[in-house]
Amino acid sequence: MMDTLSDVLRAVRLTGAVFFSVDASAPWVAEAPAGTAVSPQILPEAEHVIAYHVVTSGTCWGGLLDEPAVKLEAGDIIVFPQGDPHVISSAPGMRGAPHYEAYREVRNSNTPLAVSIRGGAPKHEHVVCGYLGCDARPFNPLLATLPRLMHLRAEAADDPLHRLLKLAIAEASEPRAGGDCVLSKLSELLFVEVVRRYVASLPTEGVGWFAGLRDENIGRALQKLHERPAHDWSLEELGKECGLSRSVLAERFAHLVGVPPIQYLAQWRIQLAASLLRTGKASLAEIAERVGYGSEAALSRAFKRQVGVAPAHS
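Chemist: Help me understand the packing of aromatic side chains in this model?
Modeler: Within a pair of aromatic rings, the relevant descriptors are the distance that separates the centres and the angle that separates the planes. Evaluation of the coordinates by the stated rule reveals 6 aromatic pairs. Seen from their ring centres, Phe139 and Tyr264 are 5.4 Å apart, and the 80° between their planes marks the pair as edge-to-face. One end of the pair, Phe139, is in the loop between β9 (124–134) and α4 (141–145); the other, Tyr264, is in helix α11 (residues 261–279), and 125 residues separate them in sequence. The pair Phe139 / Tyr264 is uniform in exposure class, with both members buried. Ring-pair connections join several aromatic residues into one group, and the members of that group are Phe20, Tyr103 and Tyr131. A cation sits over an aromatic face here: Arg269 above Tyr293, 5.6 Å from the ring centre.

Spelled out as structure tokens, the structure:
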């Protein structure tokens, strides 16, 4: 059975890394610029950058620049999916200029880069900071439905999130051979676990791509579209697969996901085509066949209609 979330994560090329290991004593503040401002230094191949911070010891505060800060304790993870500028500090309401030089330095050094901020207090806080890169265009349904800020904490020692955090902390604290690769994969796993919990916490009456995934019938429809994107789906056939009439499927899918099923399929096909084009391992004719277009010309027309440029120029 197709795992729709995993399918999307593969297609949008999620990649992660831990870049900073911060040891600080109050008063201290670390302000991060928008992801677009630092992506050339840290993840130059990524279209979109997601920042995250794991508090490994002590207590601090974190949040968006235009919203109240949230309290963070050891074991907490805070994520900024939309790449917004944000701040982490020893007290709420603090501001500081972003340290762009650190991002240039980390590009040419072994990660995570140790950062020390000495404010004078005897008690220290430790925060591991990282970034995830992904494709944002032409269609990333996951990114489109995530909030600007996500805050989770591992509640128990046997919690999977707690175990992931513990491993990430160990790898960041004692660099070993292969550590960059391990931390990169741990970043991706942490993000997936955060997304899972976010989905589980959503109200049942909500709307959006995640709401569609959670709905028994629409979730099955999404699964079928992702499972066989090249198939010539009709509303009648898709409705039979997910146990809904054509009219109910069209109405409920559009209400939850935001677009009609066949339009969603068209957007997803173009995302798959764009992902295949970036790998450079398949010809345009092969890609057209794999994503459900009968010819290069048909794919080129659909691609240009959605993306604005022909596949050869994407």
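Chemist: Honestly, the sheet that holds strand β8 (residues 113–118) in this entry has me stumped. Any pointers?
Modeler: Taken in spatial order, the 6 strands of this open sheet run β8-β1-β9-β3-β6-β10, and their pairing is mixed. Every interior strand has two partners, whereas the edge strands, β8 and β10 (150–153), have only one. Direction aside, neighbouring strands of the sheet carry axes that sit 20° apart on average. In the sheet, strand β3 (residues 48–57) pairs with β9 via 9 bridges, with the strands oriented antiparallel. Its bridge partner lying in β9, Val55 is registered against Val127.

Chemist: Which parts of the structure should I look at to understand the nonpolar core?
Modeler: A general trend in soluble globular proteins is that nonpolar side chains are found buried together. Counting residues in hydrophobic clusters, the biggest one holds 68 residues, and the most contacted among them are Leu142, Phe191 and Tyr264. Beyond its immediate sequence surroundings of up to four residues, Tyr264 is in contact with Phe139, Pro141, Trp209, Leu222, Leu225, His226, Phe253, Val257 and Val259. Ranked by size, the runner-up nonpolar core spans 27 residues in total, among them Trp28, Ile42, Ala46 and Ala51.

Chemist: Sorry, what's going on with the side chain of Glu125 here?
Modeler: For Glu125, the location among the structural elements is in strand β9. There is no salt bridge for the buried Glu125, and the closest opposite charge comes from Lys123, which lies 5.5 Å off by N-O distance. Side chain to side chain, Glu125 and Trp28 meet in a polar contact 2.8 Å long.

Chemist: Which parts of the structure should I look at to understand the pattern of salt bridges?
Modeler: Pairs may arise between side chains of opposite charge once their charged atoms sit close together. Inspection of the entire model under this criterion finds 19 salt bridges. With a shortest N-O distance of 2.2 Å, Asp76 and Arg153 are connected by a salt bridge. Taken as a pair, Asp76 in strand β6 (residues 76–80) and Arg153 in strand β10 lie far apart in primary sequence, 77 residues in all. A salt bridge links Glu193 to Arg197, with the shortest nitrogen-to-oxygen separation between them at 2.8 Å. Here the residue Glu193 and the residue Arg197 both occupy positions in helix α6 (residues 179–201), the gap between them amounting to 4 residues, near one helical turn. On the accessibility criterion, Glu193 (11% relative accessible area) is buried. A network of salt bridges, in which partner residues are shared, links Arg13, Glu47, Asp135, Arg137 and Arg278.

Chemist: Looking at this structure, I do not really get the packing of helix α5 (residues 160–173) against α6. What am I missing?
Modeler: Helix-helix packing is characterised by the crossing angle of the two axes and by the distance between the axes. Running from N to C, α5 and α6 point in directions that differ by 155°, and their axes come no closer than 10 Å. One element, α5, and the other, α6, form an angle in the roughly antiparallel class. You can see that α5 and α6 cross each other, and the crossing is left-handed. Of α6, the residues touching α5 (which contributes Pro160, Leu161, Leu164, Leu165, Leu167, Ala168, Glu171 and Ala172) are Gly179, Val182, Leu183, Leu186, Leu189, Leu190, Glu193 and Arg197. Of the residues in the contact of α5 with α6, the class split is 12 nonpolar, 1 polar and 3 charged.

Chemist: Just to check I follow, could you spell out the layout of surface pockets for this structure?
Modeler: It is a probe the size of a water molecule, rolled over the atoms, that shows where empty space is left. Estimated volume of the largest pocket: approximately 400 Å³. Forming the walls of the largest pocket are 23 residues, and the residues nearest its centre are Val22, Ala30, His99, Ala102 and Val115. Contributing elements (two or more residues each) for the lining of the largest pocket: β1 (15–25), β2 (29–32), β7 (86–89), α3 (100–107), β8 and β9. The residue inventory of the lining of the largest pocket, partitioned by class, reads 17 nonpolar, 4 polar and 2 charged. Roughly 330 Å³ of internal volume is contained in the second largest pocket. If you go around the second largest pocket, the residues you meet are Asp3, Leu5, Ser6, Leu9, Arg10, Leu14, Glu188, Leu189, Val192, Arg196, Val199 and Leu213.

About the cut-offs
- Per chain, residues are indexed from 1 in the order of the written sequence.
- Only residues with pLDDT of at least 70 are given local features in this predicted model, and only at 80 or more are side-chain atom pairs given and counted; all residues enter the totals for whole chains, interfaces and linings.
- Hydrogens and water are ignored here; the side-chain numbers use all heavy atoms of the structure.
- A pair of aromatic rings is counted whenever rings of Phe, Tyr or Trp (Trp by its six-membered ring) have centres within 6.5 Å, and the orientation is called stacked for planes under 30 degrees apart, edge-to-face for over 60 and tilted otherwise.
- Helical segments are the DSSP runs of H or I of at least four residues, strand segments are the runs of E of at least two, and each set is numbered from the N terminus.
- The classification of residues rests on relative accessible area computed with a 1.4 Å probe and restricted to protein chains. Under 20% of the type maximum is buried, over 50% is exposed, and intermediate values are partly exposed.
- In our convention, an over-ring charge means Lys NZ or Arg CZ found within 6 Å of a ring centre and within 35 degrees of that ring's normal.
- At least two DSSP bridges between two strands are required for those strands to pair.
- With axes taken as lines fitted to C-alpha atoms, and helix axes fitted only over the stretch in contact, angles between N-to-C directions fall between 0 and 180 degrees.
- Residues enter a nonpolar core if they are buried and are Ala, Val, Leu, Ile, Met, Phe, Trp, Tyr or Cys, with the set joined through side-chain atoms within 4.5 Å.
- Here a residue-residue contact requires only that any non-hydrogen atoms of the pair lie within 4.5 Å.
- Charge counting treats Lys and Arg as positive and Asp and Glu as negative, with His and both chain ends excluded.
- Salt bridges are counted wherever a side-chain nitrogen of Lys or Arg sits within 4 Å of a carboxyl oxygen of Asp or Glu.
- Each polar contact in these results corresponds to two N or O atoms within 3.5 Å; when the atoms are within protein, one needs to be able to donate a hydrogen and the other to accept it, and residues that are neighboring in sequence are counted only if both atoms are side-chain atoms.
- Note on terminology: angles under 35 degrees are roughly parallel, angles over 145 are roughly antiparallel, angles of 65 to 115 are roughly perpendicular, and the others are oblique.
- Crossing handedness is read from the near helix: turned anticlockwise from the far helix by less than a right angle, it gives a left-handed crossing, and turned clockwise, a right-handed one.
- Three classes are used: nonpolar for Ala, Val, Leu, Ile, Met, Phe, Trp, Tyr, Cys and Pro, charged for Asp, Glu, Lys and Arg, and polar for all others, with Gly counted as polar.
- A 1.4 Å probe that fits but cannot get out identifies a cavity on a 1 Å grid over protein atoms alone, an open set with protein on both sides within 12 Å along at least five of seven lines counts as a pocket, and a residue lines either if it has an atom within 4 Å of a point.
- Grid points are joined across faces, edges and corners, and a volume is the space filled by probe spheres set on the points.

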